[in-house]
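Overview (structure and organization)
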Amino acid sequence: NIIGSKVRDNIKNATGFDVDIETDILSHQDDRIKVTIGKDISKRLNTEYSVETVGGDIIQKATLKYKLFENIQLKGFNDTEGNYGGEIEFFFDKR
């Protein structure tokens, strides 16, 4: 995981993109690797692109998030398997 964090930091420093690398090799029968690259376009708008291997298939997913208010966010997504949709996410901070 040290190598993954170095790669993440190098990509972020070079491009300004946020990068997340997930692996799930030991807990499932199928090897799973997911790489997500995202960017805050503005204080309210965020975009993400992810590539994931699941059971030998490669799935690409694009996600767009728009923050309406401090605790309400709209989210839309589309992937290469033909799945698409939207969500309204509510956030509550318990202090």
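Up top you'll find the structure we're talking about.
Here the residue numbers are simple positions, counted from 1 along each chain's written sequence. Reporting of local features is limited, given that this is a predicted model, to residues whose pLDDT is at least 70; pairs of side-chain atoms are given and counted only at 80 or more, and all residues count toward the totals for whole chains, interfaces and linings. With hydrogens and water set aside, each side-chain value is computed from the structure's full complement of heavy atoms.

Details of a nonpolar patch on the surface
The condition is simple: Each patch is assembled from residues with relative accessible area greater than 30% and no salt bridge, linking like charges that lie within 9 Å and nonpolar side chains (Val, Leu, Ile, Met, Phe, Trp, Tyr) that lie within 5 Å. The method behind every accessible area is Shrake-Rupley, applied with a 1.4 Å probe, and residues are considered shielded solely by the protein chains displayed. Salt bridges are defined as contacts in which a side-chain nitrogen from Lys or Arg sits within 4 Å of a carboxyl oxygen from Asp or Glu. Each helix corresponds to a stretch of at least 4 residues labelled H or I by DSSP, and each strand to a stretch of at least 2 residues labelled E; elements are numbered beginning at the N terminus.
On the surface, Y66, L68, F69, L74, I88, F90 and F92 cluster together into a nonpolar patch covering about 760 Å² of accessible area. At the level of elements, β4 (57-69) and β6 (84-90) are the ones that each hand at least two residues to the nonpolar patch. No other element matches β4, which puts three residues into the nonpolar patch. Within the secondary structure, L68 sits in strand β4.

Description of the pairing of strand β2 (residues 32-40)
Rule in force here: When DSSP finds at least two bridges between two strands, those strands are taken to pair.
With nine bridges joining them, β2 and strand β3 (residues 45-54) adopt antiparallel strand pairing. Bridge pairing in β3 places K39 opposite T47. Two successive antiparallel strands, β2 and β3, enclose a turn made up of four residues.

Here we look at the pattern of salt bridges
Using the following cut-off: Between buried and exposed lies partly exposed: a residue is buried under 20% and exposed over 50% of the maximum accessible area for its type, with that area taken using a 1.4 Å probe on protein chains only.
Taken as a whole, this structure holds two salt bridges when the rule is applied. Among the salt bridges present, the one from E48 reaches K65, with a minimum N-O distance of 3.5 Å. Note that E48 is positioned in strand β3 and K65 in strand β4, a separation of 17 residues in sequence. Residue K65 is classed as buried on the basis of its relative accessible area, which comes to 19%. E89 is the salt-bridge partner of K75, the closest N and O atoms lying 3.8 Å from each other.

Focus: the pairing of strand β5 (residues 72-79)
For a regular strand, side-chain orientation follows a simple rule: the groups alternate between the two sheet faces. In this sheet, β5 lies alongside β4 in antiparallel orientation, the contact comprising eight bridges. Looking across to β5, one finds that K61 is bridged to D79. Between β4 and β5, which follow one another and run antiparallel, lie two residues. Sheet topology note: the β5/β6 ladder contains seven bridges and is antiparallel.

What about the environment of E70?
Along the chain, E70 falls in the loop between β4 and β5. You can call E70 exposed: its relative accessible area is 68%. C-alpha of E70 to C-alpha of R44: the two residues are 26 residues apart in sequence and 9.3 Å apart in space.

Looking at the side chain of D79
Spelled out, the test is: Counted as positive: Lys and Arg. Counted as negative: Asp and Glu, with His and the chain ends omitted from the count. Residue contacts are defined here by distance: any two heavy atoms, one from each residue, within 4.5 Å place the two residues in contact.
Within the secondary structure layout, D79 lies in strand β5. K61 provides the closest opposite charge to the buried, unpaired D79, separated from it by 6.0 Å. Those residues in contact with D79, other than ones at most four positions away along the chain, are I59, Q60 and K61.

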